[in-house]
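# Structural overview
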Amino acid sequence: MLIVAHGSRDPRHPATVAALTERVRKLRPGLRVEAGFLDFCAPSVPRLLDRLAADAVGRVVAVPLLLTRAFHATVDVPAALADARRRLPRLTIDQAEVLGPSPLLLSALDHRLAQAGVRPGDRGGTGVVLAAAGSSDPEAIAVIAEIAREWRRTGWYAVRPAFASGPRPRTAEVVRRLRAEGARQVAVAPYVIAPGRLPDRIAAGARAGEADVLAEVLGARPELARLLLDRYDTALRPDRPSVLSA
């Protein structure tokens, strides 16, 4: 398995990816699991694929460490893999689906809110801001809105999306809106995997809006490790539709 992460100048990002990669290895001891980056961090995806080919690995499943099928999933990852296929014709490279949406991600969000202090009895009075990074892709934005609607059905007072970049609304706006609508407490749940510039912007918005609770990013939660393995296993199924590539 090749976990394909975006990368960041923030050192917390690769540290989180490394912790998540190690958790996947422990769940599947017989599977070789590596993590590569599209930008900023080492090893890069091309260099890691070169190393795997040099080690006589015959097949790689690349699992994007991404929550939506936005630009990185539909352009950057397929382009990097297509280039590797041309350079390394003896290496079979499959691309798995992105992580979201999935019930496992909702479970991880629930656990992060619980760790931040939201008790089970608070659910019906708690308005939740599902704070995503943002995207220029309208399909990705629509997916976040649908996740918010689905999560709301599990008993929250309300769940509303917000975005750290791209389209509005911003985190602080939604915090204030939920408060005005009568939520007894407002919690911000970052729908991002690793710390970095945009998650920091989400946290700043939570503080500016005076949210009662700010959860941690999804990070190396066990649900994400299980989800990576699920996407890997699905990609190996012979009846699985192919992922479009560049």
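What this report covers is the structure whose coordinates are included nearby.

Procedures and definitions
- Residues numbered from 1 in each chain as written.
- Predicted model: local features only at pLDDT ≥ 70, side-chain atom pairs only at ≥ 80, totals over all residues.
- Heavy atoms only, no water.
- Helix = DSSP H or I, 4+ residues; strand = E, 2+ residues; numbered from the N terminus.
- Buried < 20%, exposed > 50% of the residue type's maximum accessible area, 1.4 Å probe, protein only.
- Contact = heavy atoms within 4.5 Å.
- Areas by Shrake-Rupley, 256 points an atom, 1.4 Å probe, with all protein chains shown as cover.
- Lys, Arg positive; Asp, Glu negative; His and termini not counted.
- Charge placed at Lys NZ, Arg CZ, Asp CG, Glu CD.
- Salt bridge = Lys/Arg side-chain N within 4 Å of Asp/Glu carboxyl O.
- Arc of directions from axis to C-beta.

## Overview of the overall build of the protein chain
When you go through the protein chain residue by residue, the secondary structure sums to eight helices and eight strands. If you line up the protein chain on its principal axes, its C-alpha atoms span 60 × 35 × 30 Å. The buried share among the 246 residues of the protein chain stands at 51%. Partitioning the intrachain contacts of the protein chain with sequence separation of at least 6 by distance along the chain shows that 78% fall at a separation of at least 24. Split by element, the accessible area of the protein chain, about 11400 Å² in all, is 53% carbon and sulfur. Separation of charge centres in the protein chain, based on 36 positive and 26 negative side chains, amounts to 1 Å.

## Thoughts on the pattern of salt bridges
In the structure shown here, the tally under the stated rule is 21 salt bridges. Residue E146 is joined to R149 by a salt bridge in which the shortest nitrogen-to-oxygen separation is 2.9 Å. Taken together, the residues span about one helical turn, with E146 and R149 both in helix α5 (residues 138-152) at a distance of three residues. Ionic pairing is found between D212 and R179, a salt bridge with its closest N-O pair at 2.7 Å. Here the residue D212 occupies a position in the loop between α7 (197-208) and β8 (213-214), and R179 occupies one in helix α6 (residues 171-180), the gap between them amounting to 33 residues. Overall, the relative accessible area of 43% leaves D212 in the partly exposed class. R179 sits in the partly exposed class, given a relative accessible area of 31%. Overlapping salt bridges bring together E22, R25, R32, E34 and D55 as one network.

## Considerations on α6
When we look at burial in α6, the residues that qualify are T171, A172, V174, V175 and L178. Along the axis of α6, the buried residues cluster in a sector spanning 165°; they form a single face. Turning to α6, the residues buried within the fold contact β5 (126-132), β6 (158-163), β7 (185-191) and α7. Positive phi shows up at G182, right after α6, with a value of about 110°.

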